[in-house]
Amino acid sequence: MIADEVVGASLGQEAIQSGMWSFIIAFVLVLAYMLFFYSKNAGLAADIALLANLFFLFGILASIGAVLTLPGIAGIVLTMGMAVDANVLIYERIQEEIRAGKGLKLAIKEGYSNAYSAIIDGQLTTLLTGFILYYFGEGPIKGFATTLIIGILSSLFTAIFITRLILERAASKSDNVTFTTPLTANWLRNTKFPFLKKRKISYTISGIVIVLCFVSLFTRGLDKGIDFVGGRTYTVTFAQDVQVGDVAEKLAEVYGSAPEVKTVGTANNVKITTKYRIAETGAEVDANVDSLLYIGLQEILPAGTDYETFRSVNLQQTQKIGPAVAEDMTRAAVWSVLFALIGIFIYIMVRFSRWQYGAGAVVGLAHNTIIVIGAFSLFAGLLPFSLEVDQSFIAAVLTVVGYTINDTVVVFDRIREYRKLYPKRDDEQVVNDALNSTLRRTFSTSLSTIVVLLAIFVFGGASIKGFIFALLVGIIVGTYSSLFIATPISFDLTRRFKKKVEEKK
């Protein structure tokens with residue numbers, strides 16, 4: 001056995017309860033947000049589609065016997081974000097048609113038609129990422145990819161067909177179908193923010209942050225979990241608060257060297273990681289390491305605690321990852337992310353007929369990934385929860401890649417549309433107008449996703465906080481980069497390429 005994991009009943013039940021409650025609260029908040037932002041008609045249609053989406057997703061996962069893990073939750077969170085995004089794109093397009101003076105039925109029809117391009121481009125790039133991750137990934141990466149692929153397909157069906165059926169039926173009965181509320185009707189409407197004129201400021205800010213991330217990565221490094229270094233991890237609960245130094249000192253006496261000891265959530269819960277005899281295999285080796293753990297902790301445990309009581313009451317979780325498995329996971333994670341970036345670059349380059357779009361998107365994704373990874377180095381030990389880099393962290397990074405590429409593609413799609421509609425306009429004006437026209441959709445989608453993540457972060461268990469922190473950082477940075485990094489980069493590359501061509505001529 002080179003990889004093994006056992007979760008105690010009490011810890012497993014606690015994780016299930018906190019995870020389910022946080023997910024339910026998050027989902028209710030998203031439903032309420034859609035009703036608040038898009039009125040009872042359109043908001044209710046979107047909520048019904050979201051419910052149907054989750055029903056299909058969980059039904060398919062149950063039918064294939066999938067096990068719900070943190071990477072799986074990441075896939076579901078991304079699915080919810082992209083499902084909301086598809087509805088937001090459609091509703092914003094319908095509102096544009098209504099403001100152009102078209103009737104309700106025609107506005108709904110043309111709103112859907114005009115939104116298809118952005119929806120399909122965004123979903124296909126993420127779907128492509130999912131297939132690449134499934135093919136090249138291992139373990140949690142494959143699980144994340146499975147959930148993501150199923151979620152994207154169900155999101156496409158519910159957003160395109162279910163909401164349309166509901167809205168067209170409502171429109172056939174009454175002309176009083178609304179897509180805004182008095183509070184949100186003019187929010188971020190007709191903005192004129194000069195994104196491209198501010199790009200040097202954004203480049204400078206991002207450059208400083210990335211330099212800080214690299215300095216921290218090279219000096220402080222990352223708190224790597226056993227998924228990447230191999231070893232045995234034990235989660236132990238004590239009757240009273242303990243000092244991690246005392247626990248490490250006691251175990252150093254039996255293991256020969258001090259293991260890594262961290263507090264998890266409360267001061268009476270600790271995670272102990274040791275590499276003692278990790279290269280050796282066999283049931284007797286595992287039994288020896290486990291028994292030495294009990295012997296080393298005996299003085300801290302309540303008087304009279306025998307070995308069986310310790311295993312059933314105090315020992316909440318055990319995990320073992322062999323060195324070979326850790327190396328395989330690291331290699332698979334790196335290659336899957338690299339191939340995903342290459343695949344995204346090729347797709348966008350072909351789809352938009354300009355390599356500059358693909359380059360801008362990849363630079364934006366690299367920017368987001370570096371900052372998320374750097375945040376785990378910068379804030380390790382400063383925040384009251386673990387920022388250990390493990391399988392779940394990789395799933396979080398992949399979620400950020402999938403989410404932010406969708407955001408960037410929507411902006412690129414609008415730029416392409418505006419270039420066709422306004423061929424005589426200056427390139428800078430076209431790009432700025434496109435960015436401002438998608439600003440309402442960008443913030444609406446990001447806010448709804450952040451609401452989900454904040455609810456899970458606040459109400460979820462201690463074991464999920466680091467994972468959600470990575471997603472929160474990624475969504476915020478990704479929203480910023482799609483507006484201030486990826487699009488300006490593609491604009492600069494396009495302008496420089498044109499200048500070189502003119503000089504050659």
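**Here's the deal with unusual backbone geometry**
Then, number 1: With a phi angle near 75°, Ser39 is a residue other than glycine that sits in the positive phi range.
Then, number 2: Its location among the elements puts Ser39 in helix 1 (residues 9-63).
Then, number 3: The phi dihedral of Leu188 is positive, around 55°, even though this residue is not glycine.
Then, number 4: Here Leu188 is to be found in the loop between helix 4 (140-173) and helix 5 (199-219).

**Some thoughts on the pattern of salt bridges**
Then, number 1: Taken as a whole and judged by the stated rule, the model has 20 salt bridges.
Then, number 2: Between Arg440 and Glu92 there is a salt bridge whose closest N-O contact spans 2.9 Å. Taken as a pair, Arg440 in helix 14 (residues 439-459) and Glu92 in helix 2 (residues 70-99) lie far apart in primary sequence, 348 residues in all. With respect to burial, Arg440 and Glu92 carry one shared label: buried.
Then, number 3: A salt bridge links Lys250 to Glu299; its shortest N-O distance comes to 2.7 Å. Here the residue Lys250 occupies a position in helix 7 (residues 244-255), and Glu299 occupies one in the loop between helix 8 (283-297) and helix 9 (307-314), the gap between them amounting to 49 residues.
Then, number 4: One network of salt bridges, with partners in common, ties together Arg93, Glu96, Arg414 and Glu417.

**Considerations on helix 5**
An α-helical turn contains 3.6 residues, so a residue and the one three or four places further along point in the same direction.
Then, number 1: Taking 1.5 Å of rise per residue, the 21 residues of helix 5 would be expected to cover 30 Å, and the 30 Å separating its terminal C-alpha atoms lies within 8% of that figure.
Then, number 2: Just downstream of helix 5 lies Gly221, where phi reads positive at about 75°.

**Here we look at helix 8**
Then, number 1: With 15 residues, helix 8 should cover 21 Å at 1.5 Å per step; its first-to-last C-alpha distance of 21 Å lies within 8% of that length.
Then, number 2: Every buried residue of helix 8 is listed here: Val285, Val289, Asp290, Leu292, Leu293, Tyr294, Gly296 and Leu297.

**What to know about the confidence of the model for the chain**
Then, number 1: Residues at a pLDDT of 70 or more form 89% of the chain, whose mean pLDDT is 81.
Then, number 2: Put simply, strand 1 (residues 3-7) is where the chain has its lowest mean pLDDT, 45, and helix 5 is where it has its highest, 95.

**Quick word on the nonpolar core**
As a rule of thumb, soluble globular proteins bury nonpolar side chains together.
Then, number 1: The biggest cluster of nonpolar side chains holds 108 residues, and the ones touching the most others in it are Tyr91, Ile94, Leu167, Phe179 and Ile348.
Then, number 2: Those residues in contact with Phe179 that sit more than four places away from it in its chain are Phe37, Tyr38, Ser39, Ala42, Tyr91, Ile94, Gln95, Ile98, Leu104, Ile108 and Leu167.
Then, number 3: In this structure, Phe238, Leu293, Leu297 and Leu301 belong to the second largest nonpolar core, which totals 21 residues.

Here is what the cut-offs are and how they apply
Here the residue index of a chain counts from 1 through its sequence in written order. Local features in a predicted model are, by the rule used here, given only for residues with pLDDT of at least 70; side-chain atom pairs are given and counted only at 80 or more, and totals for whole chains, interfaces and linings are based on all residues. With hydrogens and water stripped out, all remaining heavy atoms of the structure feed into the side-chain values. The secondary structure listing takes helices from DSSP runs of H or I that are at least 4 residues long and strands from runs of E that are at least 2 residues long, numbered from the N terminus. We define a salt bridge as a contact between a side-chain nitrogen of Lys or Arg and a carboxyl oxygen of Asp or Glu at a distance within 4 Å. The cut-offs for exposure are 20% and 50% of the maximum accessible area for each residue type, with area from a 1.4 Å probe on protein chains only; residues under the lower value are buried, those over the upper are exposed, and the others partly exposed. By definition here, a helix of n residues has an expected span of 1.5 Å times n minus one. Known as pLDDT, the predictor's per-residue confidence is scaled from 0 to 100. Only buried residues count toward a nonpolar core, which is a set of Ala, Val, Leu, Ile, Met, Phe, Trp, Tyr and Cys residues joined through side-chain atoms within 4.5 Å. We call two residues contacting when some pair of their heavy atoms lies within 4.5 Å.

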